[in-house]
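# Architecture and fold: a report
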Amino acid sequence: IDPDELRRLAECAKEPIRTPGTIQGHGTLLGIDDATQVIVVASENAREWLGRPVVEIDDADLEFAMRTGRAIDPVRVEWQGVPTDAIVHRLDGLTLVELEPVPPGNEYARTAVVEAITRLSGLTSIEELRAEAAAAIRRITGFDRVMIYHFHDDGHGEVVADDHVDELEPYIGLHFPASDIPAQARALYLAKLGRAIASTTDPGIPLLSVAGDARSIDLSNAELRSVSPHHLEYMRNMGQASTFSLSLVEDGRLVGMITCAHRTERRLPVLLRRSLEVLAGQLAMQFASMREITRLRHMVEVRERRAALLAPLYASDDIRKALLGGSQTVLDLVPADGVFVRIGGIVRVGGDVPPIADVTRALELLEGGSFVSEALANDRPDVASLLPDVAGMLVVSLDGDGDVLVFFRGEVLREISWLGDPGGVDRPDELSPRTSFSAWQRTIVGRSEPWGTVVDEAADLGSELQVALQRRAEAQLAELAMRDALTGLYNRR
Ligand code: BLA
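Starting from 1, residues in each chain are numbered consecutively following that chain's sequence as written. A pLDDT threshold of at least 70 governs which residues receive local features in this predicted model, and a stricter bar of 80 or more applies before side-chain atom pairs are shown or counted, although totals over entire chains, interfaces and linings include all residues.

## Considerations on the sheet that holds strand β2 (residues 28–33)
Operational definition: Should DSSP find at least two bridges between two strands, the strands are regarded as paired. By the criteria applied, helices consist of DSSP H or I runs no shorter than four residues and strands consist of E runs no shorter than two, each listed in order from the N terminus.
Strand order in the open sheet formed by seven strands is β1-β11-β3-β2-β6-β5-β4, and the pairing between neighbours is antiparallel. Each edge of the open sheet carries a strand with a single partner, namely β1 (22–23) and β4 (75–79). In terms of strand pairing, strand β3 (residues 39–43) meets strand β11 (residues 205–209) through three bridges, oriented antiparallel. Counted as the bridge partner of V41 is S209 from β11.

## Some thoughts on the domain arrangement of the protein chain
Operational definition: Where each domain begins and ends follows an automated or database-derived domain assignment.
For the protein chain, the assigned domains are domain 1 (3–292) and domain 2 (316–411 + 446–483). Computed over C-alpha atoms only, the centres of domain 1 and domain 2 are separated by 51 Å.

## Here's the deal with the confidence of the model for the protein chain
So the rule is basically this: pLDDT is a residue-level measure of predictor confidence that goes from 0 to 100. Here contacts are defined at the residue level, using C-beta atoms placed from the backbone and a cut-off of 7 Å between them.
Of the residues in the protein chain, 89% have a pLDDT of 70 or more, and the chain-wide mean is 87. Counted against residues more than four places away or in other chains, residues 424–432, with its pLDDT under 50, gives 14 contacts.

## Here we look at the site of the ligand
For clarity, the threshold we go by: Near, for a residue, is defined by distance from a backbone-placed C-beta atom to a molecule or strand, with 6 Å as the limit that must not be exceeded. For this classification, the nonpolar set comprises Ala, Val, Leu, Ile, Met, Phe, Trp, Tyr, Cys and Pro, the charged set comprises Asp, Glu, Lys and Arg, and every other residue, Gly included, is treated as polar.
Within the structure, the ligand sits among 30 residues, and C12, A185, S228, H230 and S245 are positioned closest to it. Elements supplying a minimum of two residues to the shell around the ligand: α1 (3–14), β10 (194–197), α6 (229–237), β12 (242–250) and β13 (253–262). When residues of the shell around the ligand are assigned to their parent elements, the largest contribution, four residues, is made by α6. Looking at the shell around the ligand residue by residue, the class counts come to 17 nonpolar, eight polar and five charged.

## Here's the deal with the sheet that holds strand β15 (residues 346–351)
The criterion, for reference: Fitted lines through C-alpha atoms give the axes, limited to the stretch in contact for helices. The angle between two N-to-C directions lies from 0 to 180 degrees.
Reading across the sheet, the five strands line up as β15-β14-β18-β17-β16 and stay open at both edges, with antiparallel pairing between neighbours. A single partner strand is all that each edge strand has here, and the edge strands are β15 and β16 (371–373). Along the sheet, successive strands turn relative to each other by an average axial angle of 10°, direction set aside. Here strand β14 (residues 338–343) pairs with strand β18 (residues 404–409) via five bridges, running antiparallel. Within β18, the position partnered with G338 by the bridge is F408. Sheet strands touched by helix α13 (residues 454–492): β16, β17 (392–397) and β18. Its angle to β17, the strand with the most contacts, is close to 30°.

## Topic: the packing of helix α7 (residues 270–310) against α13
Counted only if it meets this: Geometric relationships in this document are graded by angle, where less than 35 degrees denotes roughly parallel, more than 145 denotes roughly antiparallel, 65 to 115 denotes roughly perpendicular, and other angles denote oblique. Each crossing is labelled by how the near helix is turned from the far one, with a counterclockwise turn of less than a right angle marking it left-handed and a clockwise turn marking it right-handed.
Contact pair α7 / α13: the axes reach a minimum separation of 11 Å and the direction vectors enclose 30°. As the angle between them shows, α7 and α13 are arranged roughly parallel. You can see that α7 and α13 cross each other, and the crossing is right-handed. Residues V302, R306 and L310 of α7 touch α13, and the partners they reach there are E457, L461, E464, L465 and A468.

## Quick look at the environment of H262
Using the following cut-off: Burial is judged by counting other C-beta atoms within 10 Å of a residue's own C-beta: 20 or more means buried, 12 or fewer means exposed, and anything between counts as partly exposed, with every C-beta placed from the backbone.
In this fold, H262 is placed in strand β13. On the basis of neighbour counts, which here come to 19 C-beta atoms within 10 Å, the residue H262 falls in the partly exposed class. Residues H262 and S43, spaced 219 residues apart in sequence, show a C-alpha to C-alpha distance of 27 Å. In this structure H262 touches F143, D144, Q240, A241 and S242, once residues within four positions along its chain are discounted.

## A word on the packing of helix α3 (residues 109–120) against helix α4 (residues 126–141)
Contact geometry for α3 and α4: axes closest at 10 Å, N-to-C directions at 170°. Here α3 is positioned roughly antiparallel relative to α4, judged by the angle of their axes. When α3 is examined against α4, the residues A109, A112, V113, A116 and L120 are found in contact with a partner set consisting of L129, E132, A133, A136 and I140. Classifying every residue of the contact of α3 with α4 by side-chain character gives nine nonpolar, no polar and one charged.

## Quick look at unusual backbone geometry
Most peptide bonds take the trans form, and the phi angle of most residues other than glycine is negative. Its identity is not glycine, yet D92 carries a phi of approximately 40°, on the positive side. Residue position: D92 is located in the loop between β5 (82–91) and β6 (94–101). Here the phi dihedral of E367 falls at roughly 55°; this positive angle occurs in a residue that is not glycine. Tracing the sequence through the fold places E367 in the loop between α10 (356–366) and β16. Judged by C-beta crowding, with 7 C-beta atoms within 10 Å, E367 ranks as exposed.

## Side note on α10
The following threshold applies: What the arc measures is the spread of directions leading from the helix axis to the C-beta atoms.
Of the positions making up α10, those classed as buried are V359, A362 and L363. In a view along the axis of α10, the buried residues occupy a sector of 100°, so they form one face of it. Residues A357, E364 and L365 are exposed on α10 and point more than 90 degrees away from its buried face. Tucked into the core, α10 has its buried residues touching β14, α12 (381–386) and β18. Two residues or fewer after α10 comes E367, characterised by a positive phi angle close to 55°.

## Regarding the nonpolar core
Filter applied, for reference: Nonpolar cores are built from buried Ala, Val, Leu, Ile, Met, Phe, Trp, Tyr and Cys residues. These are joined into a set through C-beta atoms within 7 Å.
Counting 41 residues, the largest nonpolar core has A133, I137, M147, L248, I258 and A280 as the members making the most contacts within it. Of all the secondary-structure elements, those providing two or more residues to this core are α3, α4, β7 (145–151), β8 (157–164), β10, β12, β13 and α7. For this core, the element with the highest residue contribution is α7, accounting for seven residues. Residues in contact with L248, not counting those within four places in the same chain, are V255, G256, M257, I258, A280, L283, A284 and F287. Ranked by size, the runner-up nonpolar core spans 37 residues in total, among them A322, L376, V406 and L461.

Laid out in structure tokens, this is it:
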């Protein structure tokens with residue numbers, strides 16, 4: 001990561017998005033002291049609600065919700081003829097009540113959510129599930145665009161599904177930098193699964209508090225938490241007036257998000273948002289189980305291949321030849337361009353392998369032990385200078401005596417399309433969200449195909465091979481001893 005990017009990240013990470021001291025202007029927030037039942041926090045626009053006890057709103061459910069501090073569903077109240085949802089949660093001796101006027105339409109889309117869950121749960125391909133889910137959510141919400149992001153291990157995101165109105169340009173397949181959704185925002189999305197941003201022109205409404213600084217009130221679980229000005233600018237640059245995002249959580253990790261975006265302002269009622277959170281939970285579970293099934297299938301296949309490779313070794317005179325010459329070779333088990341096998345000081349190679357002397361010297365530089373790299377010139381320039389055609393190298397050490405398997409992979413050029421330039425070329429001011437959102441092509445050089453799960457598979461092969469070699473040596477010793485004994489007997493006769 002370059003220093004500018006780090007500074008941007010640091011700046012974004014410091015932003016107090018949990019405690020902005022303001023809420024979004026389409027609603028109202030009241031904070032009631034649990035001990036005294038007195039309102040001690042209120043958004044500036046709460047005047048109309050104040051001056052009367054809140055229980056006068058005359059709704060037993062709301063009273064219950066406030067008494068228990070628990071309300072899974074919002075409570076519907078009428079205020080001056082406007083249907084309003086009251087959402088209640090507890091925070092450090094306070095009961096926070098948020099009031100959201102119910103937006104027209106969409107109320108009964110919850111039925112459509114149930115239908116979508118039922119239909120989507122029957123799909124078995126991950127690509128199909130992503131595309132169908134995005135389309136279903138767009139039909140239900142009426143937003144201009146629904147995208148599914150998948151977060152890669154380094155935190156950067158990729159748009160893996162994109163359903164949108166015809167006149168918008170497609171974003172599918174585009175990558176974006178990790179800093180576009182900063183770490184503390186991701187932490188919030190892990191705890192609260194839905195995030196609605198109603199307006200990119202809303203400056204927010206200050207909270208007033210008689211119980212200390214309003215900027216100490218944690219709005220992490222509040223529906224109305226106001227939005228970072230950085231992110232609002234980002235959204236405006238993207239042509240978005242409203243968004244609604246859902247978290248995809250797997251094993252306690254935020255593995256992706258579903259974002260609905262609209263070019264004009266659009267809000268969804270709380271109950272519909274809650275139903276969509278359930279849908280997102282169902283999708284995350286399906287994605288997880290699909291990945292798990294793929295992983296298990298692959299594992300079984302690798303085991304079968306390993307057994308097929310190792311079985312003939314016991315009967316073979318030349319174990320190195322057996323590893324490279326049978327119907328299964330080590331390269332079937334560990335996909336690579338070439339392999340170098342050294343057992344008992346004797347070397348055999350298969351596929352594309354650098355000169356044996358150079359590999360031997362490279363192994364000396366690596367000083368034994370196992371090693372893996374998919375960008376050798378970057379990770380070990382000294383080793384790379386000996387092996388100029390190698391980008392990926394995987395060394396599996398079999399014992400302390402130099403028995404070793406070494407796999408090589410050449411460079412694979414990868415084109416990655418970024419949404420905006422990841423390197424900051426079009427972002428001269430490193431703290432402001434970028435303004436260019438056209439696709440940038442970046443070619444990745446000097447890297448091999450990632451090794452991924454192959455690293456563990458090669459290590460397993462190494463340990464099983466060691467066991468096989470050991471047994472073979474023992475069998476040979478036993479055979480020798482037997483032969484000696486027989487010879488002894490014969491000579492004595
Ligand atoms: C949040 N950034 C987000 C969110 C998304 C993105 C989806 C969740 C909130 C939402 O639904 O809008 C990013 N939006 C994208 C991307 C696409 C998109 C990648 O439509 C692609 C198509 N962001 C920056 C910089 C900062 C920043 C420089 O680029 C900080 C200085 C901040 N992004 C930022 C913050 C949030 C955020 C603070 C949290 C908003 C919140 O929930 O309060």
